[in-house]
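So you can see what is in the structure, the chains are spelled out below.
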Amino acid sequence: MHIGHLRSTIIGDVTARTLEFLGYNVIRANHIGDWGTQFGMLIAYLKYKKLEKKLKENLISLKEIEEFYCKSKEKCDLDKDFERESRKYVVKLQNGDDHCHYIWKKLVSITMKYNYNIYKKLNVTLNKEHTMGESLYSKMLPEIVKDLKEKKIAIEKNGTTIIFLDEFKNRFGQHMGVVIQKKDKAFLYATTDIACLKYRYEKLNADRIIYYTDSRQKQHLLQIWAISKKANYIPQNLLLEHHTFGMMLYKNKRPFKTRDGNTIKLIELLEEAINRAKILIKQKKPNLNKKKLIKLANIIGISAVKYADLSKNRNTNYIFDWDTMLSFEGNTSPYIQYAYTRIMSIIKKSKIPINKISEKIDLTEETEVKLAIKLLEFEEIILIIEKKGTPHIMCNYLYQLATHFSTFYENCSILFSKKIKTCKSRLKLSFLTAKTLKKGLNILGIKILKKM
């Protein structure tokens, strides 16, 4: 996983959490690219370098597989025989060859073991049962091609099976063609995505399907939806949504990459965040023991990266800035987390058990009224995210709520109120604020802290 995978993973997770909170039956479908050309190239390279035995004995790491893939791609570009061999293995894999299938399974298991660790680190609600990669639909592909031909939706042209769509035209004004099977009988992403959509409607009984991929996939998905409707694989009124997102950029507004132009690995970004959080915590708490330091740095560092991303409108690119995201000021994760711990600390100092307060909240000051009104907005925020899948709205809300509490706290005495009735009312209002902050952060997949 590289940094480009961060946004789809965490934004999709927020929508899934929000919909479950509202009582929907949510099926997470982690659509991974675990089928096709890249595996044909890898299988061919492993055979060429006589590395299959080493792979079977679990002596090859993910880093080595990455290196093999880069070298196999280079070899494909330079060696036509190797390219033909790779294509041959793609077809063999797609047709269920036992040897190719075994090698493929080993490669996928090594990769996914690593990815599940990242999901855990990111605190997203994805696990093995949610993995529904391209391979899941592989057995459906021959039947789909056959059916589309029989329905006269697809035609064969020079050995290639293609679908022409009237509603999509290229820059020359010609009808665009979507290839679903190549001359060598290999299937394409389009074929898989048609099968995937058919499966989600027929097998999973989905009545609303939301895709989280970047904006470059927009036309591809519109074509897939159009084909699936023409073939009656899905009804015309099925809710299909593509929640697109922009890119993470450097301060110079260039794509976020390493010095040599390669995409940054997601794990490297997360480890950098944890290390920066450690330095920050050491400055504030130099005597903190190592175990607590590591735990705190993990939560603050990862939360800061997630919140920085989620707080930006998903439809736009955004500038990545370490200094801003780890700040305890402004619309940042540490600021919201600190607001929560601060309120819980006030409640803890009180001699009145919060669950024993039966009196209603009595709003007498303007700052109390403003805080109460802000608390009432939570339902509206949840419903907006349910419809639009825009987590930045929740981030803005939590920041405003924390700011309102800060103003209320500065202007209204809680623990030292002259009247016990006022003290109880303000404690209850404070507790409701903490509870809302906690629920909001939980929907964003961000952990709370008891102490900061």
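These remarks concern the structure in this document.

Cut-off values and rules
Residues numbered from 1 in each chain as written. Predicted model: local features only at pLDDT ≥ 70, side-chain atom pairs only at ≥ 80, totals over all residues. Heavy atoms only, no water. Axes fitted to C-alpha atoms, helices over the stretch in contact; angles between N-to-C directions. Helix = DSSP H or I, 4+ residues; strand = E, 2+ residues; numbered from the N terminus. Parallel < 35°, antiparallel > 145°, perpendicular 65-115°, else oblique. Left-handed = near helix turned anticlockwise from the far one by under 90°. Contact = heavy atoms within 4.5 Å. Patch = residues over 30% accessible without salt bridge, like charges linked within 9 Å, V, L, I, M, F, W, Y side chains within 5 Å. Areas by Shrake-Rupley, 256 points an atom, 1.4 Å probe, with all protein chains shown as cover. Salt bridge = Lys/Arg side-chain N within 4 Å of Asp/Glu carboxyl O. Lys, Arg positive; Asp, Glu negative; His and termini not counted. Charge placed at Lys NZ, Arg CZ, Asp CG, Glu CD. Buried < 20%, exposed > 50% of the residue type's maximum accessible area, 1.4 Å probe, protein only.

So, about the packing of helix α15 (residues 378–388) against helix α16 (residues 392–411). Geometry of a packed helix pair, given as the angle between the helix axes and the separation of the axes. Where α15 meets α16, the axes come as close as 9 Å, and the angle between the chain directions of the two elements is 165°. In this view, α15 runs roughly antiparallel relative to α16, as classed from their interaxial angle. Here α15 runs over α16; the crossing is left-handed. Within the contact between the two elements, α15 uses Phe378, Ile381, Ile382, Ile384 and Ile385 and α16 uses Ile393, Met394 and Tyr397.

So, about a positive patch on the surface. Together, Lys120, Lys285, Lys291, Lys292, Lys295, Lys348, Lys438, Lys439, Lys447, Lys450 and Lys451 give the surface a local cluster of positive charge. Secondary structure elements with two or more residues in the positive patch: α11 (290–310) and α17 (420–443). The element contributing the most residues to the positive patch is α11, with 3 residues. As for its position among the elements, Lys447 is in the segment after α17. Here Lys447 falls in the partly exposed class, since its relative accessible area comes to 42%.

Moving on: the pattern of salt bridges. Counted under the stated rule, the structure contains 23 salt bridges. Among the ionic pairs, Asp309 bridges to Arg7, the shortest N-O distance being 2.8 Å. Of this pair, Asp309 sits in helix α11 while Arg7 is found in helix α1 (residues 4–21), placing the two residues 302 residues apart along the sequence. Taken individually, Asp309 and Arg7 each receive the classification buried, so the pair is uniform in this respect. For the salt bridge of Lys374 with Glu377, the shortest nitrogen-to-oxygen distance reads 2.9 Å. Residue Glu377 is classed as partly exposed on the basis of its relative accessible area, which comes to 25%. Among the charged side chains, a network of salt bridges with common partners joins Lys80, Glu83 and Arg87.

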